[in-house]
Amino acid sequence: MNIRNVDLNLLVYLNVLIDERNVSKAANKLALTQPAMSNALKRLRDLFDDPLLVRAAGSMTPTAKALSLKPEIEALLKMAEAITQPSDVFDPSTAQATFRIMANDYLESTLVAPFITAQLNKHPGLNFDVLSPSDVSLQDMEKGSIDLAINRFNGLPRSFHQASVWRDNYCCLMHPANSFLQKPDLENYLASEHIWVNRAGWGAEAAVTNKSGSQKLGWVDEALWQLEQTRHIRVFTRHYMIASLLCQSPQLIATLPRRQAMLLTKHTELVISPVPFQIVPIEVKMLWSPLLHHASPHQWLRRELLAFAQTIADR
């Protein structure tokens, strides 16, 4: 028998008929007409090649076949009900879940770490796995094995869902004894020695080749390139925290996203100065797989993280 040719509603009717042992009562319980229920019983008898209910002593008595089918039908209907019930609303205060988030160290320190800290006491069953861009592939995201990727992205598949987290401008981070602070203009910026910070791994920011074609540079140097200028880079690094340690030297300047620089000044004596030229602001986004889009825990995570991002000051 091909299951596609079977009206599964007939099993619901048979279950009620066995309980009620009366066609009229079964019809009333299911809000059907008596002729419709009689027709259903006829179809059931044809389907199982058995009378299923026979009239005896003024009532309908289930046959041995019907009684043997009863527990199997009840189990099947219970399973179908469970499958078709709406998913439970995610309750973070009682849930046990682990969220996997990809972010670089700029976003780890400015957004992800304070967000996790805010969840620890409120939601003791929630755990977090924070990964760097080099730990994650595009295939990991497509399969939904990573909940969120937070970064500045270029040229990703359209199938991914995305939301804007924030925009961030650049500023200069340096030691308070740095001579640039005495006259923070473009000329002195170009005369200073710099730390180059760029991200590596999947989802990294766009890079351009400098005029000599010998070095791939990031957005800060692309902005200078548009002015036909280059800066004197003494140190290249992929990590913002190392840049803050290097800035303990009074001769070095790190040009960083403002939120990152503000965080670093809280724990050091370093100071911030405006960048003396225009740089396109960073637009940070979070991405997730369409496989996770309708999942209740994931919807909660996205909503909470975006709301928390709005509390992180950019000035």
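- The chain appears in an unreviewed UniProt entry as LysR family transcriptional regulator from Pseudoalteromonas haloplanktis.
- Under the UniProt heading Sequence similarities (unreviewed entry), the note attached to the chain is "Belongs to the LysR transcriptional regulatory family."

Focus: the nonpolar core
(1) Moving on: Core analysis: the largest hydrophobic core is formed by 56 residues, its most contacted members being I150 and W166.
(2) Moving on: With residues up to four places along the chain from it excluded, the contact list for W166 reads Y106, L107, T110, L111, R259, I282, E283, V284, A309 and I312.
(3) Moving on: Membership of the second largest hydrophobic core comes to 20 residues, among which are L11, I18, A40 and I73.

Focus on the sheet that holds strand 8 (residues 193-197)
(1) Moving on: Across the sheet, 5 strands lie side by side as 11-8-12-7-13; this open sheet has mixed pairing. In this open sheet, the two edge strands, each paired with only one partner strand, are strand 11 (232-237) and strand 13 (271-273). Within this sheet the neighbouring strands show an average axis-to-axis angle of 35°, counted without direction.
(2) Moving on: Where strand 7 (residues 170-174) lies against strand 13, 3 bridges are found, and the strand directions are antiparallel. Paired with C172 across the strands is S273, a residue of strand 13.
(3) Moving on: Across the face of the sheet, helix 10 (residues 258-266) comes into contact with strand 7, strand 12 (252-257) and strand 13 while running at roughly 125° to strand 12.

Topic: the pattern of salt bridges
(1) Moving on: All chains considered together, the criterion is met by 11 salt bridges.
(2) Moving on: The partner of R259 in a salt bridge is D168, with the nearest N and O atoms 3.6 Å apart. Here R259 is found in helix 10, whereas its partner D168 is found in strand 6 (residues 161-168), with 91 residues between them in sequence. Both residues of the pair, R259 and D168, belong to the buried class.

Looking at the side chain of D50
(1) Moving on: For D50, the location among the structural elements is in the loop between helix 3 (34-48) and strand 1 (53-56).
(2) Moving on: No salt bridge is formed by the buried D50. Its closest oppositely charged neighbour is K65, at 6.9 Å.
(3) Moving on: In this structure the side chain of D50 is engaged in a polar contact, spanning 2.8 Å, whose partner is the backbone nitrogen of L52.
(4) Moving on: Look past the residues within four positions of D50 in its chain and what remains in contact with it is R45, T63 and K65.

Some remarks on the UniProt feature "domain: HTH lysR-type" (unreviewed entry) in the chain
(1) Moving on: Summarizing the sequence annotation, UniProt attributes the feature "domain: HTH lysR-type" (unreviewed entry) to residues 6-63 in the numbering used throughout.
(2) Moving on: Secondary structure across residues 6-63 comprises 59% helix and 14% strand; the distance between its end C-alpha atoms is 21 Å.

A short note on the packing of aromatic side chains
(1) Moving on: Overall, the coordinates contain 10 aromatic pairs when judged by the stated rule.
(2) Moving on: Both rings, one in F90 and one in F99, keep their centres 6.4 Å apart while their planes meet at 75°; by these two values the pair is edge-to-face. For the pair F90 and F99, one class covers both residues: buried.
(3) Moving on: Relative to Y189, the ring of F180 lies with its centre 6.1 Å away and its plane at 70°, an arrangement referred to as edge-to-face.

Overview of the pairing of strand 5 (residues 148-151)
(1) Moving on: Burial along strand 5 is two-sided: L148 and I150 facing one way and A149 and N151 facing the other are all buried.
(2) Moving on: The sheet contact formed by strand 3 (residues 97-103) and strand 5 spans 3 bridges and is parallel. Pairing of M102 across the sheet is with A149, part of strand 5.
(3) Moving on: For strand 5 and strand 14 (residues 282-288), the ladder comprises 3 bridges, and the chain directions are antiparallel. Bridge pairing links N151 to K285 in strand 14.

Calculation rules
Residues numbered from 1 in each chain as written. Predicted model: local features only at pLDDT ≥ 70, side-chain atom pairs only at ≥ 80, totals over all residues. Heavy atoms only, no water. UniProt positions renumbered as here; feature names shortened; annotations may be inferred. Core = buried A, V, L, I, M, F, W, Y, C linked by side-chain atoms within 4.5 Å. Buried < 20%, exposed > 50% of the residue type's maximum accessible area, 1.4 Å probe, protein only. Contact = heavy atoms within 4.5 Å. Pairing = 2+ DSSP bridges. Helix = DSSP H or I, 4+ residues; strand = E, 2+ residues; numbered from the N terminus. Axes fitted to C-alpha atoms, helices over the stretch in contact; angles between N-to-C directions. Salt bridge = Lys/Arg side-chain N within 4 Å of Asp/Glu carboxyl O. Lys, Arg positive; Asp, Glu negative; His and termini not counted. Polar contact = N/O pair within 3.5 Å; in protein donor to acceptor, adjacent residues only side chain to side chain. Phe/Tyr/Trp six-rings, centres within 6.5 Å; stacked < 30°, edge-to-face > 60°.

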